[in-house]
Amino acid sequence: MKPKVIHNILLCSFCLALYCLCNADKFLSSRYEWKKLIMVHHWPPTVCKEAENDCSNPPGYWTIHGLWADKAEDCNRSWHFNLEEIKDLLPEMKMYWPDIIHRPPNCSQFWKHEWRKHGTCVAQLDALNSEKKYFGKILDLYKQLNLDSMLQKLGIKPSIDYYQVADIRDALASVYGVMPKVQCLPPEKNEDVQSIAQIELCFTKDLHLRNCTQPRLSASLRQKARGADVADSSMGLEVCEDGPVFYPPPRETMR
């Protein structure tokens, strides 16, 4: 190879290395950029079905799944979960944010997972920049939103009869003033209808409610929007298709 060619290759390599070094912080910061917070509630009977887990006496009310940034995960793996930091929150955590699938003494593994995957990302905000603030604020938002009671007041209760997805979505929008996202577990082979699984209500970085999806967005566009959210990654769940949906009663009420 001619010396001039070698010189040009080395010069290009040096310039590329220098560019990457100078812009490394931008590459890293863009990986953890996000625009909205997603407050995720899930319905225990559907969670148990999705996990193919018999579950021991799951709650008969909507519980917390987590508070997620829409486009970032695992932002600081060196920031480890410490149960001692939230010990005074544990009574409410066990009631409103239980690990439905895993029995004690492993219930804190769920909270550990949520902190590592999501809490370390939303900790960019002063209001959420510690374990205590993160879990405490989520409990506050859960009680403020009061989703379970709102659904009951709207006449939307667990039932062997089916609801229409649009009716649930529009009823919640009328109460909260923003468009939620409703997720379902698709029907299995011998089933005719999807089951409601999660309801998401979204917030700005200032913790003001905002639309999760655009009003009157078509089903296909809502599905594409779902794919754009890194946080929206629950196994087996999809944005509900417009049409009938099963809101399964807790097991004891079906006997």
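Starting afresh in each chain, residues are numbered from 1 along the sequence in its written order. The predicted origin of the model limits local features to residues at a pLDDT of at least 70 and limits the giving and counting of side-chain atom pairs to 80 or more, whereas totals for whole chains, interfaces and linings rest on all residues. Hydrogens are left out, water is left out, and the side-chain values use all remaining heavy atoms of the structure.

> Honestly, the nonpolar core in this entry has me stumped. Any pointers?
Side chains of nonpolar character tend, in soluble globular proteins, to be buried together. Only buried residues count toward a nonpolar core, which is a set of Ala, Val, Leu, Ile, Met, Phe, Trp, Tyr and Cys residues joined through side-chain atoms within 4.5 Å. Working definition: with a 1.4 Å probe on protein chains only, accessible area under 20% of the residue-type maximum means buried, over 50% means exposed, and in between means partly exposed. Ranked by internal contacts, the top residues of the largest apolar core, which has 51 residues, are Met39, Trp97 and Phe135. Looking at this core, the element that brings in the most residues is helix α6 (residues 131-145), giving seven residues. Here a residue-residue contact requires only that any non-hydrogen atoms of the pair lie within 4.5 Å. Aside from chain neighbours lying at most four places away, what touches Met39 is Ile64, Gly66, Leu67, Ile138, Leu141, Tyr142, Leu145, Ile199, Glu200, Leu201 and Phe203. Core analysis: the second largest hydrophobic core is formed by five residues, Ile38, Val40, Trp68 and Cys212 among them. To qualify as a helix, a DSSP run of H or I must reach at least 4 residues; to qualify as a strand, a run of E must reach at least 2; elements of each kind are numbered from the N terminus.

> Would you explain the pairing of strand β8 (residues 244-247) in this entry?
Sheet faces and side chains relate simply in a regular strand, where the side chains alternate between the two faces. One ladder, built from four bridges, connects strand β3 (residues 159-164) with β8; its direction is antiparallel. Its bridge partner being in β8, Tyr162 is matched across the sheet by Phe246. When DSSP finds at least two bridges between two strands, those strands are taken to pair.

> It is not clear to me how helix α8 (residues 165-176) should be interpreted in this structure. Could you clarify?
An α-helix turns once every 3.6 residues. As a result, residues three or four positions apart point the same way. End to end, α8 covers 17 Å across 12 residues, agreeing with the expected 16 Å (1.5 Å per residue, within 8%). When α8 is considered as a whole, its buried residues turn out to be Val165, Ile168, Arg169, Ala171, Leu172, Ala173 and Tyr176. Of the residues flanking the end of α8, it is Gly177, one or two places downstream, whose phi is positive at about 80 degrees. Here, expected helix span is obtained from the residue count minus one, scaled by 1.5 Å.

> Please explain the pattern of salt bridges as it appears in this structure.
Side chains bearing opposite charge may pair, as long as their charged atoms lie close to each other. Salt bridges are defined as contacts in which a side-chain nitrogen from Lys or Arg sits within 4 Å of a carboxyl oxygen from Asp or Glu. In the structure shown here, the tally under the stated rule is eight salt bridges. The closest approach of N and O atoms between Asp74 and Arg116, which form a salt bridge, is 2.2 Å. In this pair, Asp74 sits in the loop between β2 (63-69) and α4 (90-96) while Arg116 sits in helix α5 (residues 108-122), placing the two residues 42 residues apart along the sequence. Residue Lys143 pairs with Glu92 through a salt bridge whose shortest N-O separation is 3.0 Å.

Structural measurements only, silent on function.
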